[in-house]
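So you can see what is in the structure, the chains are spelled out below.
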Amino acid sequence: MSEHVVSLTVDGVEVKVPAGTPVIQAAERAGSVVPHYCYHPGIPSRPAQCRMCLVEIEGQPKLQPSCVMIAQEGMIVHTQSEQALEARRSVIEFLLLNHPLDCPICDAAGQCMLQDYAYETGQLSSRYEEPKLVLGRDRIAEDILYFADRCIICTRCVRFMEDIAGDNSLVVAQRGHKAYIDTFPGQELEHAFRGNIVDVCPVGALVHEDFVFKARAWDMDTAPGICAGCSQGCNIEVNVKENQVVRVKPRYNADVNGYWMCDEGRRHLVMANRGLRLDVPMIRRGDVLEAVTWSEAIEWIAASAPWGAGGVAVVHPGESNETLFALRELIGALGIAGGGYRMSRGEEVELPGFPRLKLRQDRAPNGAGAELFGFSETDAVPVPEAGQTLLVAGDRLLDAGSDYGAQAGFYVYLGTHMTEGASSATVILPLAGAGEADGTYVNFDGLVQRFHQAMQPPGVARPGWMVIDRLLREVEPDRPPMRDVAAAFGSMAAATPELEGLSWRGLGLKGGRTAGRATVTGAR
Amino acid sequence: MGYPYSHDLEVGTILSRHFGDESARRLNVWQEYGGYAALAKAVGMDATQITGIVKDSGLRGRGGAGFPTGLKWSFMPQEPTGPHYLCCNADESEPGAFKDREILRWVPHLLIEGCLIAARAIRAEHVYIYVRGEYFPYTRILNDAVVEAYEAGFIGPDILGSGWDCELTVHIGAGAYIAGEETGLMSSLVGGRAEPRVKPPFPAQSGVFGRPTTVNNVETLAAVPMILSEGSAWYRQWGTERSPGTKLWCCSGHLERPGTYELPLGIPLRDIIYDVCGGIRNGKKLKAVIPGGSSTALLTASELDCASTYEGMQEAGSSLGTASPIVMDEDTNIVRAIRRTAEFYAHESCGQCVQCREGTAWVAKILHRIEMGDGRLADIDTLYDLCEQLTGRTICVLADSVVFPLRSSLDKFRADYEALIGGRA
Amino acid sequence: MTRKIHPAVVSAQPFQVANLRPTDRLFEDEEGRDRLEKAISRYPDKRAALLPMLAYAQERNGWVSPESMQQVAEALDLTPAYVNSVATFYTMYNKHPTGRHMIQVCTCVACHLCGGEEVFEAFLEATGTVPGAMSEDGKYVVMEAECLGACGFATAVQVNDRYFENVTPETVGEVLARLEQDGGE
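Residues numbered from 1 in each chain as written. Chains lettered and ligands numbered in written order. Predicted model: local features only at pLDDT ≥ 70, side-chain atom pairs only at ≥ 80, totals over all residues.

Colleague: Would you take a moment to explain the overall build of chain B for this structure?
Modeller: Each helix and strand in chain B was counted, giving 17 helices and nine strands. The C-alpha atoms of chain B give 22 Å as radius of gyration, which agrees with the globular expectation for 425 residues (22 Å, within 12%). By principal-axis analysis of the C-alpha atoms, chain B measures approximately 75 × 45 × 35 Å. Counting the 425 residues in chain B, one finds 64% classified as buried. Counted over contacts in chain B with a minimum sequence separation of 6, partners at least 24 positions apart contribute 71%. (Helix = DSSP H or I, 4+ residues; strand = E, 2+ residues; numbered from the N terminus. Rg over C-alpha atoms; globule rule 2.2 N^0.38 Å. Buried ≥ 20, exposed ≤ 12 C-beta atoms within 10 Å, placed from the backbone. Contact = placed C-beta atoms within 7 Å.)

Colleague: Hey, could you run me through the overall build of chain A in this one?
Modeller: Counting its regular elements, chain A contains twelve helices and 26 strands. Seen along its three principal axes, the alpha-carbon backbone of chain A occupies a region of about 85 × 50 × 35 Å. For chain A, the proportion of its 524 residues judged to be buried stands at 53%. Partitioning the contacts of chain A with sequence separation of at least 6, the portion at a separation of at least 24 is 63%.

Colleague: Got a minute to help me understand the domain arrangement of chain A in this structure?
Modeller: Quite often, the size of an interface is put as the accessible area lost when its parts meet. Entries for chain A in the domain assignment read domain 1 (5-91), domain 2 (98-219) and domain 3 (282-520). Computed over C-alpha atoms only, the centres of domain 1 of chain A and domain 3 of chain A are separated by 50 Å. (Domains from an automatic or database assignment.)

Colleague: Even after reading the chapter, I still don't get the pairing of strand E14 (residues 282-285) of chain A, so can you show me in this structure?
Modeller: One face of the sheet, then the other: side chains in a regular strand alternate in exactly this way. All names here are of chain A. Bridge count between E14 and strand E15 (residues 288-291): four bridges; the pairing is antiparallel. Looking across to E15, one finds that Arg284 is bridged to Leu289. Counted along the chain from E14 to the antiparallel partner E15, the turn is two residues long, and its residue Gly286 has a positive phi close to 70°. Pairing of E14 with strand E23 (residues 427-430), which is carried by two bridges, proceeds in the antiparallel orientation. Pairing of Ile283 across the sheet is with Val427, part of E23. (Pairing = 2+ DSSP bridges.)

Colleague: Please clarify how the packing of helix H14 (residues 354-371) of chain B against helix H15 (residues 377-389) of chain B should be interpreted in this entry.
Modeller: Pairs of packed helices are described in terms of their axes, by the angle between the two and the distance that separates them. Residues and elements named next belong to chain B. Following both chains from N to C, one finds H14 and H15 inclined at 155°, their axes separated by 11 Å at the closest point. Taken together, the axes of H14 and H15 lie roughly antiparallel to each other. In the crossing of H14 with H15, the sense of the turn from one axis to the other is left-handed. Note on element contacts: H15 touches H14 through Asp379, Thr382, Leu383, Leu386 and Gln389, opposite Gln355, Gly359, Trp362, Val363, Ile366 and Ile370. Partitioning the contact of H14 with H15 into residue classes produces six nonpolar, four polar and one charged. (Axes fitted to C-alpha atoms, helices over the stretch in contact; angles between N-to-C directions. Parallel < 35°, antiparallel > 145°, perpendicular 65-115°, else oblique. Left-handed = near helix turned anticlockwise from the far one by under 90°. Nonpolar A, V, L, I, M, F, W, Y, C, P; charged D, E, K, R; others polar.)

Colleague: What should I look at first to understand the interface of chain B and chain C in this one?
Modeller: Taken residue by residue, the interface counts 54 residues in chain B and 40 residues in chain C. Contributing elements (two or more residues each) for the side of chain B that touches chain C: helix H7 (136-151), strand E3 (167-172), helix H8 (182-189), strand E5 (246-253), strand E6 (259-264), strand E9 (326-329) and helix H13 (334-348) of chain B. Top contributing element to the side of chain B that touches chain C by residue count: H7 of chain B, with eight residues. In the side of chain B that touches chain C, the residues fall into 26 nonpolar, 20 polar and eight charged.

Colleague: I keep staring at the domain arrangement of chain B and nothing clicks. Help me out?
Modeller: All names here are of chain B. Here the domain parsing of chain B yields domain 1 (34-235), domain 2 (246-329) and domain 3 (334-421). Computed from C-alpha atoms alone, the centre-to-centre distance between domain 2 and domain 3 is 22 Å. The interface is formed by nine residues belonging to domain 2 together with ten residues belonging to domain 3. For the side of domain 2 that touches domain 3, the residue count by class is five nonpolar, four polar and no charged.

Colleague: What should I look at first to understand helix H6 (residues 263-272) of chain A in this one?
Modeller: Helical geometry note: an α-helix holds 3.6 residues per turn, so side chains three or four residues apart project in the same direction. Turning to H6 of chain A, its buried residues number three or more, namely Asp263, Gly265, Arg266, His268 and Leu269 of chain A. Each element contacted by the buried residues of H6 of chain A is listed here: strand E12 (235-241) and strand E13 (244-250) of chain A.

Colleague: Got a minute to help me understand the pairing of strand E24 (residues 439-442) of chain A in this structure?
Modeller: Residue and element names in this part refer to chain A. The alternating pattern of E24 places Gly439 and Tyr441 and Thr440 and Val442 on opposite faces, both of which are buried. Two strands pair when backbone bridges link them, and E24 and strand E25 (residues 447-451) are joined in this way by four bridges, in the antiparallel orientation. Residue Thr440 lies in a different strand from E25, and its bridge partner there is Arg450. Taking the residues between adjacent antiparallel strands as the criterion, E24 and E25 are bridged by four residues, where Gly446 takes a positive phi near 80°.

Colleague: Which parts of the structure should I look at to understand the sheet that holds strand E21 (residues 389-393) of chain A?
Modeller: Backbone-to-backbone hydrogen bonds pair the strands of a sheet. The strands run either parallel or antiparallel. In spatial order, the strands read E15-E14-E23-E22-E21-E16-E17-E20 (chain A); together these eight strands make up an open sheet with mixed pairing. Whereas interior strands pair on both sides, the edge strands pair on one side only; in this sheet they are E15 and strand E20 (376-377) of chain A.

Colleague: Even after reading the chapter, I still don't get the interface of chain C and chain A, so can you show me in this structure?
Modeller: Of the residues lining the interface, nine residues belong to chain C; the matching set on chain A comes to twelve residues. Sorting elements by how many residues they give to the side of chain C that touches chain A places helix H4 (residues 80-89) of chain C first, with seven residues. Within the side of chain C that touches chain A, the residues separate by chemical class into five nonpolar, four polar and no charged.

Colleague: For this particular structure, what's the right way to read the environment of Gly99 of chain C?
Modeller: All names here are of chain C. Its location among the elements puts Gly99 in the loop between H4 and strand E1 (101-106). Residue Gly99 is classed as buried on the basis of its 20 C-beta neighbours within 10 Å. Through-space distance from the C-alpha of Gly99 to that of Asp137 is 8.6 Å; in sequence the pair is 38 residues apart. Residues within four places of Gly99 in sequence aside, it is in contact with Met134, Ser135, Gly138, Lys139, Tyr140 and Val141.

Colleague: Which parts of the structure should I look at to understand helix H16 (residues 398-412) of chain B?
Modeller: Residues and elements named next belong to chain B. For H16, which comprises 15 residues, the first-to-last C-alpha distance of 22 Å matches the rise-based estimate of 21 Å (1.5 Å per residue) to within 8%. Counting buried residues in H16 gives eleven out of 15 residues, a clear majority hidden from the surface. Listing the buried residues of H16 in full gives Leu398, Ala399, Ser401, Val402, Val403, Phe404, Pro405, Leu406, Arg407, Ser408 and Ser409. Packing partners of the buried residues in H16 comprise strand E7 (286-290), H13, H14 and H15. (Expected span 1.5 Å × (residues − 1).)

Colleague: For this particular structure, what's the right way to read the packing of helix H2 (residues 82-97) of chain A against helix H3 (residues 113-121) of chain A?
Modeller: All names here are of chain A. Running from amino to carboxyl end, H2 crosses H3 at an angle of 125°, the nearest separation of the two axes being 10 Å. Put simply, H2 runs oblique to H3. The crossing of H2 and H3 is left-handed. Residues Arg88, Arg89, Ile92, Leu95 and Leu96 of H2 form the contact with H3, whose participating residues are Leu114, Tyr117, Ala118 and Thr121. Here the contact of H2 with H3 is built from residues that sort into six nonpolar, one polar and two charged.

Colleague: What exactly am I supposed to notice about unusual backbone geometry here?
Modeller: If a residue is not glycine, its phi is most likely negative; likewise, a peptide bond is most likely trans. A cis geometry characterises the amide bond from Pro200 of chain B onward to Pro201 of chain B, with omega recorded as 0°. With respect to the helices, strands and loops of the structure, Pro201 of chain B is situated in the loop between H8 and strand E4 (213-217). In the segment running from Ala154 of chain C into Thr155 of chain C, the intervening peptide bond is cis, with an omega of 0°. Relative to the helices and strands, Thr155 of chain C is located in the loop between strand E2 (140-145) and strand E3 (157-159). For Ile153 of chain A, which is not a glycine, the phi torsion comes out positive at approximately 50°. Structurally, the position occupied by Ile153 of chain A is in the loop between strand E7 (144-147) and helix H4 (156-164). Take Ile153 of chain A: there are 25 C-beta atoms within 10 Å of it, and that puts it in the buried class.

Colleague: Just checking my understanding: could you explain the confidence of the model for chain B for this structure?
Modeller: Interpreting fine coordinate detail is not advised for predicted regions of low pLDDT. Within chain B, residue pLDDT values average 97, and 100% of them lie at 70 or more. Interface confidence for the predicted complex, given as ipTM, is 0.97, next to a pTM of 0.95. (pLDDT = per-residue confidence, 0-100.)

Colleague: How should I be thinking about the nonpolar core in this particular structure?
Modeller: It is characteristic of soluble globular proteins that their nonpolar side chains tend to be buried jointly. Judged by nonpolar contacts, the single largest core of 374 residues is most densely connected at Cys87, Cys88, Cys115, Val127 and Ile129 of chain B together with Met53 of chain C. If sequence neighbours within four positions are ignored, Cys87 of chain B has contacts with Tyr128, Tyr130, Leu185, Met186, Leu189, Val208, Thr213 and Val215 of chain B. (Core = buried A, V, L, I, M, F, W, Y, C linked by C-beta atoms within 7 Å.)

Colleague: Can you help me understand the environment of Ile380 of chain B in this one?
Modeller: When you line up the elements, Ile380 of chain B lands in helix H15. Spatially, the C-alpha atom of Ile380 of chain B lies 9.5 Å from that of Leu367 of chain B, the residues being 13 residues apart in sequence.

Colleague: What exactly am I supposed to notice about the sheet that holds strand E2 (residues 13-18) of chain A here?
Modeller: Residues and elements named next belong to chain A. Spatial strand order, E2-E1-E5-E3-E4: five strands in an open sheet with mixed pairing. Each edge of the open sheet carries a strand with a single partner, namely E2 and strand E4 (64-65). The pairing of strand E1 (residues 5-10) with E2 spans six bridges and is antiparallel. The residue bridging Leu8 from the neighbouring strand is Val15, located in E2. Helix-sheet contacts for H2 involve strand E3 (54-57) and strand E5 (76-78), and the interaxial angle to E3 is about 165°.

Colleague: When you look at the environment of Thr183 of chain A in this model, what are you seeing that I'm missing?
Modeller: Within the secondary structure, Thr183 of chain A is located in the loop between strand E9 (180-182) and helix H5 (196-200). Take Thr183 of chain A: there are 24 C-beta atoms within 10 Å of it, and that puts it in the buried class. It is 5.8 Å that separates the C-alpha atoms of Thr183 of chain A and Ser169 of chain A, two residues lying 14 residues apart in sequence. Not counting residues up to four positions away in its chain, the partners in contact with Thr183 of chain A are Ile140, Ser169, Leu170, Glu188 and Leu189 of chain A together with Ala81 of chain C.

Shown next as structure tokens:
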């Protein structure tokens, strides 16, 4: 932190900024957003080549690019002067000369900086009468397409790859008005974080192939989430259309992921809810599992479960803190001493230009939360002794056969997907999956972060904490209810010293730190 | 003296005395002509002394901008914290200019000597001479001279027994006008696309390989040995107070005697065209002249009485540029000539700045359409407006370069445009 | 054939030549290794040897093929994409094989005034080619060039590493005859 502060005037508003701040950022503080293309706050290199952010600075004979011009004491900046507006208008006119104007079929329409600024400058027709240059489109990566005609050569994508990903395999080829973005002919971009080039593209030139023609910007609902792909806890924006996740984008959080996220994370939520979903509670009647209502299921379990008799349990580090906390209570009520969780692991991938962010080895979001609530890592699913109670929550039992848990006296399965290993269950309770509920995770770094429901769970599936709370209140009628997620968080925090001082509301969208870092040292 | 023609008004003692004399390329002959005496003097002087003499001489950069050379050298750190570099800009590509080529091909040792003296003045340990790729025959000549100079101990370790080491490398480009722009050249030399960058940092702070660097034009450096030998007052006997010395004029187009001439700065442009170059060929009348290379504003027959100095050309509404007048006779299709010029800049735009990338190509297309008889009067307004949009908005001045000839042609030869348009609204 | 080249000038060898010495592996013979090592030795950062090595690839093969780019990339610790980005910025690196005699006629403003276009047309006619395409016998490619820096000697024509000056439509035949006569260099 520089202690030196300079004050300057932007559009008549005096602001103080740390020495070394570029004018474009100082202007933002003063409430003036200077339109720009090549400048991106997360990309260190500043070529100042789009010439969109030119502003008038008193005493300077020419307009200056505000992205590289450093704020000086006493500087007087006009971002909306006639000269600056005229320069901006002309940049838009130039950019549109060879632009195909295919907004009706462009996936960026509605979220396009070229469209927005063209609208702002009000150019309804073009003076350009010459034939447009047609460059066509290309595949940049296995999952990314490049529409060269829409490209404005801001080079954000090239510079993300070079500055942040440390991979120089995306480049500008050719020069002048024939320039385009390319990889080496015959090669595709392969990098675990390459998807960010689509996010930084200010127009519709780079598009994920699985998003092409999927949804218009204005047809999607958006919710803030936390990526459940690893223990990093990247802040994300979940785009949903007709109750389907169509896109996941990083949401800025300086302390966690900056502007970025990895490609595995982008796919995680899209893939997580695929497969045969559980959408109704089921209880065993003889040889068959029979669909019942929640009331029937809850009453039946309350009456039939061997409360206090002990047994074995396995939970999953993909569950929210609220659910894990409730599970601990449930396990206690069943008389089970502790439980395990299994963690899937993968290779760690670094992002050299933003070392805080990695695709972490722990490929689940809440290993730290599981540890916090007393669960310990285990390699295999527990095998109950004959007649013992077995509780499985969230683990999809991908390695278990259809006879798993057959010897158990009472087998409760809480989960999102029907799986072979649940065939012998006594009772199956359908839970809301990723993106279908509110809750919190603790990331590898001990940061507690909120995520929000982006879509409806299938059928009558419900969040785990809600289901368990209902069940426990059936057994202990005096238990204070968890009426909503904030209350669930409150009950949990009250009973957990590491969460002291935290509240659902207080966490906001930036998260809050656990008091005792020691509890999360197991996380990788 | 000039090549292939010479004239009484020429000076010749500084740059061009041996133009046309192939033997001057050889080191032994060059030494007989007094070559490398200035270097011998320079190794006995320190950087500040050399810079002082060049400052006093008033020598201005011959690459087009006319920045005072001594002042530029003085921007280099006085207390080096690591290597400094000198880049000699021999990427001569401005349409109309071919002066550096003549220096390379006739007096390569003069350039080498100038480079070494300048290197000493800026405390550079390595000189890179960046020659445009197309100049193969002249690069060969330079290469031979460099090898001879190395073998004779004028370049390399312990130059002339002084204990001073300086390396020199010849490096060729591969077809990019923009590599002649100072920061574009540096970007190209280090193995990149020749894309200019924003300043600061200035080259004297951070240039090639991230180190303090000075970039000087061939003709500038070639003038240095004689200035050092004979002194700044001697150099100042030619030219004016603000434009001292001599300048190579590259004259092309419809002239009786086109070619290179070394003339004292200050001669009226009219005399250069009509006296030195023998006037317009085939007895035609002059229609226009682009006086300083294709990026300068054109002048008409009635505007030739300006002094051929930096300030004189500016007063006349144009600029000295590289002192490369392209002369057009009365039959010239101005629109077509300007279209050719615009196409050149569109072809050479590096493509970073939006205005330049899109605007130069647009200008060329409009001009082409007018030339083909498909223009409209509104096109003239559009061209004027584009002149506004292409001026002073970009990283380098390539976009501005297309504006000077374009705007001046619109101002001075509007009738030519209108005749091709034929009144279509 | 292998000349001893002084390291100071190794980065400035003419690379558009008639006599090729084709090779699939640029840096595996003595000459190639020598050029690479000498070029690298002249710069504090070996990336600076990129243009010289692209030039060397063309000097040997007549063009800069994707394979050459990959070899240069490997030799200089760069990505092939980066090498391609640089190679495509510069117009003198041929991205395709070209004729034995690459005839470039300047039609930029000064030569244009003095009849550059007519000279260009005359070359096309004399060689029976269309702009930029190789003649059937592989001997000629004729193309327009931007300013060659010989404006006082219009029309300037560059053929490989040679300049022909003051060329007129009438002397086009002479130029071609000289090329025939000299064969290669």
